[in-house]
Amino acid sequence: ACRDDDGAPGSDGEDGVVDDWGGPYGKVAAHNEVAMHCARPFAPIEVLNTTVCSRARPAPGNAGFDGCLEFLRARCRRRRRCQTLWDAQSFVFVDADGAVDALPKARFVDAALDRLETILVPALRRLTLDTDGQVRPAALIALVDALVALGADAPKRRLALLLFSGGGSGPTRAVVLPGRATTRVVGFVVGADAAAWRSACRDATFPKDAARAWFARRDDDPGRSRL
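Residues numbered from 1 in each chain as written. Predicted model: local features only at pLDDT ≥ 70, side-chain atom pairs only at ≥ 80, totals over all residues. Heavy atoms only, no water.

Along the protein chain, the regular secondary structure elements total eight helices and six strands. Long-range pairs, those at least 24 residues apart, make up 55% of the contacts in the protein chain between residues at least 6 apart in sequence. Entry remark: accessible area of the protein chain is about 11900 Å², with carbon and sulfur atoms responsible for 53%. (Helix = DSSP H or I, 4+ residues; strand = E, 2+ residues; numbered from the N terminus. Contact = heavy atoms within 4.5 Å. Areas by Shrake-Rupley, 256 points an atom, 1.4 Å probe, with all protein chains shown as cover.)

Within helix α6 (residues 194-202), burial applies to Ala194, Trp197, Ala200 and Cys201. Along the axis of α6, the buried positions cluster into a sector of 120°, meaning they face one direction only. Taken together, the buried residues of α6 touch α3 (113-130), α4 (137-153), α5 (179-190) and α7 (208-213). (Buried < 20%, exposed > 50% of the residue type's maximum accessible area, 1.4 Å probe, protein only. Arc of directions from axis to C-beta.)

We now examine the packing of aromatic side chains. Inspection of the entire model under this criterion finds two aromatic pairs. Measuring from centroid to centroid gives 6.3 Å for Phe91 and Phe108, while their planes differ by 70°, and the two rings are edge-to-face. Of this pair, Phe91 sits in strand β3 (residues 90-94) while Phe108 is found in the loop between β4 (100-104) and α3, placing the two residues 17 residues apart along the sequence. Through successive ring pairs, a cluster of aromatic residues spans Trp86, Phe91 and Phe108. (Phe/Tyr/Trp six-rings, centres within 6.5 Å; stacked < 30°, edge-to-face > 60°.)

Although it is not a glycine, Phe42 sits at a positive phi angle of roughly 70°. Relative to the helices and strands, Phe42 is located in the loop between α1 (32-39) and β1 (45-46). Note on Phe42: relative accessible area 5%, which makes it buried.

For the pair α3 and α6, the least separation of the axes is 10 Å and the interaxial angle reads 130°. With respect to α6, the element α3 is oriented oblique. Judged by the twist between their axes, the crossing of α3 over α6 is left-handed. Along its contact with α3, which presents Arg115, Thr118 and Ile119, the element α6 presents Ala196, Trp197 and Ala200. A breakdown of the residues in the contact of α3 with α6 according to their chemical character gives four nonpolar, one polar and one charged. (Axes fitted to C-alpha atoms, helices over the stretch in contact; angles between N-to-C directions. Parallel < 35°, antiparallel > 145°, perpendicular 65-115°, else oblique. Left-handed = near helix turned anticlockwise from the far one by under 90°. Nonpolar A, V, L, I, M, F, W, Y, C, P; charged D, E, K, R; others polar.)

So, about the pairing of β4. Relative to β4, β3 runs antiparallel, the two being bridged by five bridges. If you follow Ser90 over to β4, its bridge partner there is Pro104. Connecting β3 to the antiparallel partner β4 that follows it, the hairpin turn spans five residues, and Gly98 within it adopts a positive phi of roughly 85°. (Pairing = 2+ DSSP bridges.)

Across the protein chain, pLDDT averages 78, with 71% of residues at or above 70. Considering only residues more than four positions removed or in separate chains, one finds that residues 10-18, a stretch of pLDDT under 50, has 20 contacts. (pLDDT = per-residue confidence, 0-100.)

Applying the stated criterion to the full structure yields six salt bridges. Salt-bridge contacts for Arg125 lead to Glu46; the nearest nitrogen and oxygen are separated by 2.8 Å. One end of the pair, Arg125, is in helix α3; the other, Glu46, is in strand β1, with 79 residues separating them in the sequence. Taking relative accessible area as the criterion, Arg125 reaches 33% and is therefore assigned partly exposed. Of the charged contacts in the structure, one is a salt bridge between Asp101 and Arg136, with a shortest N-O distance of 3.6 Å. Here Arg136 lies in the loop between α3 and α4 and Asp101 lies in strand β4, a separation of 35 residues in the sequence. Residue class for Asp101 comes out partly exposed when judged on its relative accessible area of 31%. Sharing partners across several salt bridges, the network here consists of Asp95, Asp101 and Arg136. (Salt bridge = Lys/Arg side-chain N within 4 Å of Asp/Glu carboxyl O.)

Given below as structure tokens:
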């Protein structure tokens, strides 16, 4: 049913007619991504055992035709919504213009296992749900790393600075909190504890400088302005 909805590839007014979408053995209407999107439109999708098919990387029998990625891009363009998708290889983000940003999971292959299992993956999953999948995974990962660095430093400081978006493209508000309160805020958002944060910061692959600079940057990235 979702394939024939407005904004689906092959529907009237989009990329041709229905019969032009998918090969005789390559229809993707029942693929994981399409089925999950139709069940809960624009909710974050996680598919662990496959990679999203596309015209560039077609599913068997679908060579030369649009795939699930084109379906999601068309839906995002039509509805002016974003879609977050985790597949076996990447954190994929489709923006409201249909542009695709894929962050390879292989980038984190050298990260410490404790950082991934205890902090990054649980926090990223929670923040993705909290933001309805409308914020780029790369921006959420940068936020998690920044909070981890802030939490690791908080016990050493009497005061710490947190920045919050003013909403939309408005100004960012600065809030000065005692170190102990900062630790509680970071624990609520990121999870784990100060010992785990300090351990993560000691990991050679942890982006220390970028994480500590996150709060000093002007909040002019649309992906971050929603946080």
